[in-house]
Amino acid sequence: MPTTTHKLRWGILGAARINERLLPAIVQADNAELVAIASRRPGAAAETLNRFAPCYPGVTVYDAPEDLLNDPNVQAVYIPLANHEHAQWTLRAIGHGKHVLCEKPLALSVSDIHAIQAAAHQHQVMVMEGFMYQFHPQHARVQELVQSELLGDIRSVRATFSFMMRPERMYRLEAPIAQGGGAMWDIGCYAIHTVRSLFGQDPIAVTALHQTLDSGADIAASGVLDFGDGKFGQFDFSFARARRSEYEIIGTKGGLKCHVVWQLPGDVPVLTWWTDDGRQTEERLPAANHFRLEVEHFSHCVLSGTAPKLSLDDAHGNCRTIVAALQSAAEGRKVSLA
């Protein structure tokens, strides 16, 4: 993203742990300026600011989210609240005329996505779901290889995301699935989004299995997305397995693997690809901060009036697929999306 003297003025609506990544990303972005942060917990906003940007000046701290939304200096808000609060606070922010980058998932129901689409259109603001991984340069390289037809016609995509849940984060498994708890809404949405984006379309059916806890949260799941014409996507995710963060594409001429999709600081981007005619290559790409790139992209879109890479139609398609996968796992049957 080119350097610009125009900066989008951001507010952060919540003191969640993800601010460890997003708050510095806003501060470091060439075309963004952090002007406010709010939390309902007294003192939490100030503590978050002091922890992740202690020397950054001019940030107003609020102990009430509505005060931030009423701040005319804030043009866009980032929403990192609990999953079940995303839709309602996105709608409130839209109602105040703010552009919104909402952490995934944007909503837990398709009806809420529809409401957000209608409100964004009415108030003429931009809203994007925060799938930060999409902005890492390695995925542009993957698309370049796919579009070159090096792999032939894509027939299969597999996405896997897992890690052992740390004790201090077990709260993510306390709420049932219907209230946004568990692995699907937390990490499964990434895997499903990856498969959909690599095929460039929505599936026509889904079949899924999951493991649930007494709380009603899911801790692991696997499933198959049917894209028609013999094209299938597999997703697999868990909070109770060793770390995996990868996807694999298999075409009629070859295959490609992205070894570290959802990058942590210090991760080295590695792609390997091979073809049936005997070629095999490993590519190591420069490290990149996909959170900062996400912020710069959204800021550029607002400032220039161009549509974000991740549309609300994309958010609708992902939510619809997730809901169908959860229904399939709960009912033990294939669910049609056609």
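Keep in mind the model is a prediction, meaning the values are calculated, not measured.

(A) Region of interest: the overall build of the protein chain. Summing up its helical and strand segments, the protein chain has nine helices and 15 strands in all. For 338 residues, the compact-globule formula gives about 20 Å, and the C-alpha radius of gyration of the protein chain, at 20 Å, lands near that figure. Once the C-alpha set of the protein chain is aligned to its principal axes, its extents read approximately 60 × 45 × 40 Å. Counting over 338 residues, the protein chain shows a buried share of 55%. Restricting the contact set of the protein chain to residue pairs at least 6 apart, pairs at least 24 apart contribute 69%. Between the averaged position of the 30 positive side-chain charges in the protein chain and that of its 36 negative side-chain charges there is a distance of 2 Å.

(B) Structural view of the sheet that holds strand β6 (residues 127-130). Taking strand neighbours across the sheet as the criterion, the six strands line up as β3-β2-β1-β4-β5-β6 in an open arrangement whose pairing is parallel. Edge strands, defined here as strands with exactly one partner in the open sheet, are β3 (60-62) and β6. Recorded for the sheet is a direction-independent mean angle of 25° between the axes of neighbouring strands. Bridge count between strand β4 (residues 76-79) and strand β5 (residues 99-103): four bridges; the pairing is parallel. Looking at the pairing, Val77 lines up with Val100 of β5.

(C) The arrangement of the nonpolar core in detail. Ranked by size, the top nonpolar core spans 82 residues in total, and within it Trp10, Phe235, Tyr247 and Ile249 carry the most contacts. With 11 residues, the top contributor of residues to this core is helix α7 (residues 183-199). Ignoring sequence-local partners within four residues, the contact set of Phe235 consists of Ala159, Met184, Ala191, Ile192, Val206, Ala208, Ala221, Ser222, Gly223, Val224, Leu225 and Ala325. Core analysis: the second largest hydrophobic core is formed by 29 residues, Val35, Leu69, Ala87 and Ile113 among them.

(D) Up close: unusual backbone geometry. Look at the link from Lys104 to Pro105: it is a cis peptide, with omega at -10°. Mapped onto the fold, Pro105 is located in the loop between β5 and α5 (110-123). Its identity as a non-glycine residue notwithstanding, Glu149 has a phi of 70°, on the positive side. If you trace the backbone, Glu149 turns up in the loop between α6 (137-147) and β7 (154-162).

(E) Inspection of the pairing of strand β9 (residues 218-226) at higher detail. Taken across its nine residues, β9 has seven buried, putting it largely inside the fold. Direction of pairing for strand β8 (residues 205-212) relative to β9: antiparallel, over a ladder of eight bridges. By the bridge assignment for β9, Gln211 is matched with Ala220. If you look at the hairpin formed by β8 and β9, you'll find five residues sitting between the two strands, and Gly216 has a positive phi there, around 95°. As paired strands, β9 and strand β10 (residues 232-238) are joined by seven bridges and run antiparallel to one another. Looking at β10, one finds that Ala221 is bridged to Phe237. What sits between β9 and β10 in their antiparallel hairpin is a turn of five residues, with Gly228 showing a positive phi close to 80°.

(F) Structural detail: the sheet that holds strand β12 (residues 254-258). Here nine strands make up an open sheet; going across it, the order is β14-β13-β12-β11-β7-β10-β9-β8-β15 and the pairing mixed. Of all strands in the sheet, those with a lone pairing partner are β14 (280-284) and β15 (335-336), marking the two edges. In this sheet, strand β13 (residues 270-275) lies alongside β12 in antiparallel orientation, the contact comprising five bridges. Note on β13: the bridge partner recorded for Gly255 is Trp274. Its contacts with the sheet put α6 on β7, β11 (244-251), β12, β13 and β14, and the angle it makes with β13 is roughly 10°. Each of β8, β9, β10 and β15 is contacted by helix α9 (residues 312-331), which is oriented at about 60° to β8, the strand it contacts most.

(G) Geometry of helix α4 (residues 86-95). Of all the residues in α4, the buried ones are His86, Ala87, Trp89, Thr90, Ala93 and Ile94. Where α4 is buried, its residues touch β1 (8-13), α3 (65-69), β4, β5, α5 and β6. Gly97 occupies a position one or two residues after α4 and carries a positive phi of about 80°.

(H) The arrangement of the pattern of salt bridges in detail. What the rule picks out here adds up to 21 salt bridges. Between Glu246 and Arg158 there is a salt bridge, with the nearest N and O atoms lying 3.3 Å from each other. Placement of Glu246 in strand β11 and of Arg158 in strand β7 is noted, with a sequence separation of 88 residues between them. When its relative accessible area of 24% is taken as the criterion, Arg158 is described as partly exposed. Notably, a salt bridge pairs Asp236 with Arg241, separated by 2.6 Å at the nearest N-O pair. What makes Arg241 partly exposed here is its relative accessible area of 32%. Through salt bridges with shared partners, a single ionic network connects Arg158, Glu246, Glu248 and Lys257.

Calculation criteria
Residues numbered from 1 in each chain as written. Predicted model: local features only at pLDDT ≥ 70, side-chain atom pairs only at ≥ 80, totals over all residues. Heavy atoms only, no water. Helix = DSSP H or I, 4+ residues; strand = E, 2+ residues; numbered from the N terminus. Rg over C-alpha atoms; globule rule 2.2 N^0.38 Å. Buried < 20%, exposed > 50% of the residue type's maximum accessible area, 1.4 Å probe, protein only. Contact = heavy atoms within 4.5 Å. Lys, Arg positive; Asp, Glu negative; His and termini not counted. Charge placed at Lys NZ, Arg CZ, Asp CG, Glu CD. Pairing = 2+ DSSP bridges. Axes fitted to C-alpha atoms, helices over the stretch in contact; angles between N-to-C directions. Core = buried A, V, L, I, M, F, W, Y, C linked by side-chain atoms within 4.5 Å. Salt bridge = Lys/Arg side-chain N within 4 Å of Asp/Glu carboxyl O.

Treat this as a map of the structure, not an account of what it does.
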